[in-house]
Amino acid sequence: MVGWDVSHRRTTFANAQVDALRSMSDLGAFCVDIPAGLRRFGIDYLKQEGFDLPDPMAMAVGLDPDVATDVKPLRVDIETTSELTRGATVVDLLRVTGREPNAAVVLDASRERFLEILTAAVG
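Please read all numbers here as calculations on a predicted model, not as lab measurements. (Residues numbered from 1 in each chain as written. Predicted model: local features only at pLDDT ≥ 70, side-chain atom pairs only at ≥ 80, totals over all residues. Heavy atoms only, no water.)

Asker: So what about the nonpolar core? Which residues, and what values?
Answerer: Note that soluble globular proteins tend to have their nonpolar side chains buried in a common cluster. Counting 19 residues, the largest nonpolar core has Phe 13, Leu 21, Val 67, Phe 114 and Leu 118 as its most contacted members. Put simply, the parts of the chain that give this core at least two residues each are α2 (15-24), α3 (26-33), α5 (54-63), β4 (103-109) and α6 (111-122). The dominant element in this core, judged by the number of residues it contributes, is α6, at 4 residues. Leu 118 has contacts with Phe 13, Leu 21 and Leu 53, leaving out every residue within four places of it along the chain. (Core = buried A, V, L, I, M, F, W, Y, C linked by side-chain atoms within 4.5 Å. Buried < 20%, exposed > 50% of the residue type's maximum accessible area, 1.4 Å probe, protein only. Helix = DSSP H or I, 4+ residues; strand = E, 2+ residues; numbered from the N terminus. Contact = heavy atoms within 4.5 Å.)

Shown next, in the form of structure tokens:
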């Protein structure tokens with residue numbers, strides 16, 4: 001499992017990086033144009049410059065597991081009954097539930113390796 005926290009830390013693109021990726025090819029432009037709503041959310045709501053690419057990060061880890069630099073076997077469950085948190089992914093990071101791990105959770109990843117894979121794919 002590659003969480004959005006890893007993507008946010010390792011795949012966020014600032015405006016100059018967006019322009020560089022866009023100029024690589026039509027596919028590069030597609031990669032930065034498709035998440036336009038996410039980019040606007042990042043700028044307006046999160047007060048950050050740019051946006052992240054969570055799905056390409058997960059794909060990069062799938063293609064090359066060495067992209068993941070910190071992986072732990074942890075318990076992951078999806079909340080299905082709570083009115084407040086239904087659909088939330090719950091990761092037992094501290095292993096306090098005593099439940100058996102059921103997922104390899106990526107806690108960190110290499111931005112450099114991710115960028116190598118991305119640029120090779122869109123270049």
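Asker: Account for unusual backbone geometry, naming residues and giving values.
Answerer: With a phi close to 55 degrees, Arg 95 is a non-glycine residue in the positive phi region. Mapped onto the fold, Arg 95 is located in the loop between β3 (89-91) and β4. Take Arg 95: its relative accessible area is 48%, and that puts it in the partly exposed class.

Asker: Requested: an account of the packing of aromatic side chains, with residues and values cited.
Answerer: Following the criterion strictly, the structure yields 2 aromatic pairs and no others. Geometrically, the ring pair formed by Phe 13 and Phe 51 is stacked, given 6.3 Å between the ring centres and 25 degrees between the ring planes. Placement of Phe 13 in the loop between α1 (4-10) and α2 and of Phe 51 in the loop between α4 (36-44) and α5 is noted, with a sequence separation of 38 residues between them. Each member of the pair, Phe 13 as well as Phe 51, is classed as buried. Both rings, one in Phe 41 and one in Tyr 45, keep their centres 5.0 Å apart while their planes meet at 20 degrees; by these two values the pair is stacked. Look at Phe 41 and you get partly exposed, because its relative accessible area is 36%. With a relative accessible area of 61%, Tyr 45 lands in the exposed category. (Phe/Tyr/Trp six-rings, centres within 6.5 Å; stacked < 30°, edge-to-face > 60°.)

Asker: For α5, give the residues involved together with the corresponding values.
Answerer: Buried within α5 are the following residues: Met 57, Ala 60 and Val 61. Buried positions in α5, seen along its axis, are confined to an arc of 100 degrees and lie on one side of it. For α5, the exposed residues lying more than 90 degrees away from the buried face are Asp 55, Met 59, Gly 62 and Leu 63. In this fold, the buried residues of α5 make contact with α1, β1 (68-74), β4 and α6. (Arc of directions from axis to C-beta.)

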